[in-house]
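Breakdown of the fold
So you can see what is in the structure, the chains are spelled out below.
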Amino acid sequence: MRVVFFGSGAFGIPSLRRLIETHEVGLVVTQPDRRAGRGSKLTPTPIADLAAEIAPQIPVLKPERVNTQEISDEIRAVEADIWVVIAYGQKLGQKLLNGKLAVNLHASLLPRWRGAAPINAAIVAGDTQTGTSVITLVDEMDAGDVLGTSKRPIEPHQTAGELHDLLADDGVQPLMAVLDDAARGTLKPVVQDTSLVTLAPKISREDARIDFGWSAERCRCLIHGYNPWPGVTVQLDGEPLKLLRAESLGDSGSCKPGTIVDPGEGLVACAAGALKLVEVQPAGKKPMPWEAYIRGRPIEKGQHLSP
């Protein structure tokens, strides 16, 4: 199959790598270079970096606006059998898409968690299973027919960052299967059940605000769901402490939520159960196990964590 690939984020890297190995990629469309880092250096997207590294012969297009007439004509001039869109960052308009077979790899089992942050939403909600969906591209976000899926459990220790990488790898197999079906003319689209739709909008720093008046399990889900970004940060004696990984345990007694009930074990009282802090990051320092943190900063029973 001859493919035009649209993508920007790292989620598309495993799929683009496989497409380059097994199909003919005629064009890569990605977001423009953006300034990043302390030096505000112009930095290509992860997809642009990969294309330059392993297939410098493939043209790479970096439009600010993909739906302009000039850019649309340039993309449509590439004779491709299928367009593959993964974490691109711009919506492809109907005029650009007209008459083209375009598919999208999405990081959830649609129709659950349509939107920009499906991995975060699944963990925060306490889901025990997720996956990827290959869908047709339509005007409504993530509403296309489902052409293929992969599934995997969400483990209690997994963070959003870790799950992102696993799902990026998982998505390769259903995407390749869909391309095979398209080549044979045997695609079997399944219409999404709109009664089961849930939404996963773009997240903000405010979404990561924790409340120890919740259950320990809900707190654990929040911490893991927003790791690495935006991160759950609390205050301990007026100093910020980012919570990176935790476990939810049983009864913590009648202590006020947010109270450290066992400094050695990193146990924090919640409205229901106790939260065991496993990994934290003090301001200006690297992530570290709780045990390492308390070696450099003695903690006493009864101290309090606040949002």
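Keep in mind it's a predicted model, so treat the numbers as computed, not measured.

**Observations regarding helix α8 (residues 216–225)**
Owing to its 3.6 residues per turn, the α-helix brings residues three or four apart onto one side. Across the 10 residues that make up α8, a large majority, 8, are buried. Looking at α8, one finds that the buried residues are Ala216, Cys219, Arg220, Cys221, Leu222, Ile223, His224 and Gly225. Its buried side turned inward, α8 meets α5 (118–124), α6 (160–170), β10 (232–236), β11 (239–249) and β14 (274–282).

**Some words on unusual backbone geometry**
For the bond running from leucine 110 to proline 111, omega is 15°, close enough to zero to count as cis. With omega at 20°, the peptide bond leading from asparagine 227 into proline 228 counts as cis. By the secondary structure assignment, proline 228 is in the loop between α8 and β10. Look at aspartate 142: it is not a glycine, yet its phi comes out positive at around 60°. With respect to the helices and strands, aspartate 142 occurs in the loop between β8 (129–136) and β9 (146–153).

**Examining the pairing of β8**
A large share of β8 lies buried, amounting to 7 of its 8 residues. Of the strand pairs in this sheet, β8 and β9 are connected by 7 bridges, and their pairing is antiparallel. Each bridged residue has a counterpart across the sheet, and for glycine 131 the counterpart in β9 is lysine 151.

**Brief notes about the pairing of β11**
With 5 bridges joining them, β10 and β11 adopt antiparallel strand pairing. Bridge pairing in β11 places valine 234 opposite leucine 241. Hairpin connection between β10 and β11: a loop of 2 residues separates the two successive antiparallel strands, and aspartate 237 in this loop has a positive phi of roughly 55°. Sheet topology places β11 next to β14; 8 bridges connect them, and they run antiparallel.

**Description of the layout of surface pockets**
Empty space among the atoms becomes apparent when a probe as large as a water molecule is rolled across them. Approximately 1,300 Å³ is the volume attributed to the largest pocket. If you trace the largest pocket, you find 42 residues lining it, with Ala87, Tyr88, Gly89, Gly115 and Ala116 closest to the centre. Breaking the lining of the largest pocket down by element, the ones donating at least two residues are β6 (82–86), β7 (102–106), α5, β8 and α6. Among the residues making up the lining of the largest pocket, the classes are represented as 23 nonpolar, 14 polar and 5 charged. The computed volume of the second largest pocket comes to approximately 180 Å³. Lining of the second largest pocket is provided by Leu236, Glu239, Pro240, Leu241, Pro282, Ala283, Lys285, Met288, Ala292, Tyr293, Gly296 and Arg297. The set of elements that each furnish at least two residues to the lining of the second largest pocket consists of β11 and α9 (290–296). Its residues assigned to classes, the lining of the second largest pocket comprises 8 nonpolar, 1 polar and 3 charged.

**A short note on the packing of helix α1 (residues 13–22) against helix α2 (residues 46–54)**
One can describe the packing of α1 onto α2 by two numbers: an axis separation of 10 Å at closest approach and a directional angle of 30°. Taken together, the axes of α1 and α2 are roughly parallel relative to one another. The crossing of α1 and α2 is right-handed. For the pair formed by α1 and α2, the contact residues are Ile13, Leu16, Arg17 and Ile20 on the first element and Pro46, Ile47, Leu50 and Ile54 on the second. Counted by class, the contact of α1 with α2 contains 7 nonpolar, no polar and 1 charged residues.

**Description of the packing of aromatic side chains**
What the rule picks out here adds up to 3 aromatic pairs. Taken together, a centroid distance of 5.3 Å and an interplanar angle of 50° make the contact between phenylalanine 6 and tryptophan 83 tilted. Remark: tryptophan 83 occurs in strand β6 and phenylalanine 6 occurs in strand β1 (residues 2–7); sequence separation between them is 77 residues. What makes tryptophan 83 buried here is its relative accessible area of 1%. Measuring from ring centre to ring centre gives 5.7 Å for phenylalanine 6 and tyrosine 88, while their planes differ by 75°; the resulting arrangement is edge-to-face. With phenylalanine 6 in strand β1 and tyrosine 88 in the loop between β6 and α4 (94–97), the pair connects residues that are 82 residues apart, well separated along the chain. Chaining the aromatic ring pairs together yields one cluster made of Phe6, Trp83 and Tyr88.

**A closer look at the pattern of salt bridges**
Using the criterion set out here, one finds 15 salt bridges in the structure. Two residues, aspartate 127 and arginine 112, come together in a salt bridge whose shortest N-O distance is 2.9 Å. Of this pair, aspartate 127 sits in the loop between α5 and β8 while arginine 112 sits in the loop between β7 and α5, and the two are 15 residues apart along the sequence. Aspartate 127 gets classed as buried once you look at its relative accessible area, which sits at 14%.

**A closer look at the nonpolar core**
Phe5, Leu19, Val84, Val103 and Leu175 are the most contacted members of the largest nonpolar core, which totals 37 residues. At 6 residues, helix α7 (residues 172–184) tops the list of elements feeding residues into this core. When neighbours within four sequence positions are excluded, valine 103 is seen to be in contact with Ile82, Trp83, Val84, Val85, Val134, Ile135, Thr136, Leu137, Leu147, Leu175 and Val178. Judged by nonpolar contacts, the second largest core, of 28 residues, contains Trp214, Val268, Leu275 and Ile299.

What counts and what doesn't
- Residues numbered from 1 in each chain as written.
- Predicted model: local features only at pLDDT ≥ 70, side-chain atom pairs only at ≥ 80, totals over all residues.
- Heavy atoms only, no water.
- Buried < 20%, exposed > 50% of the residue type's maximum accessible area, 1.4 Å probe, protein only.
- Helix = DSSP H or I, 4+ residues; strand = E, 2+ residues; numbered from the N terminus.
- Contact = heavy atoms within 4.5 Å.
- Pairing = 2+ DSSP bridges.
- 1 Å grid on protein atoms, 1.4 Å probe; cavity = no way out; pocket = protein on both sides within 12 Å on 5 of 7 lines; lining within 4 Å.
- Points joined across faces, edges and corners; volume = space filled by probe spheres on them.
- Nonpolar A, V, L, I, M, F, W, Y, C, P; charged D, E, K, R; others polar.
- Axes fitted to C-alpha atoms, helices over the stretch in contact; angles between N-to-C directions.
- Parallel < 35°, antiparallel > 145°, perpendicular 65-115°, else oblique.
- Left-handed = near helix turned anticlockwise from the far one by under 90°.
- Phe/Tyr/Trp six-rings, centres within 6.5 Å; stacked < 30°, edge-to-face > 60°.
- Salt bridge = Lys/Arg side-chain N within 4 Å of Asp/Glu carboxyl O.
- Core = buried A, V, L, I, M, F, W, Y, C linked by side-chain atoms within 4.5 Å.

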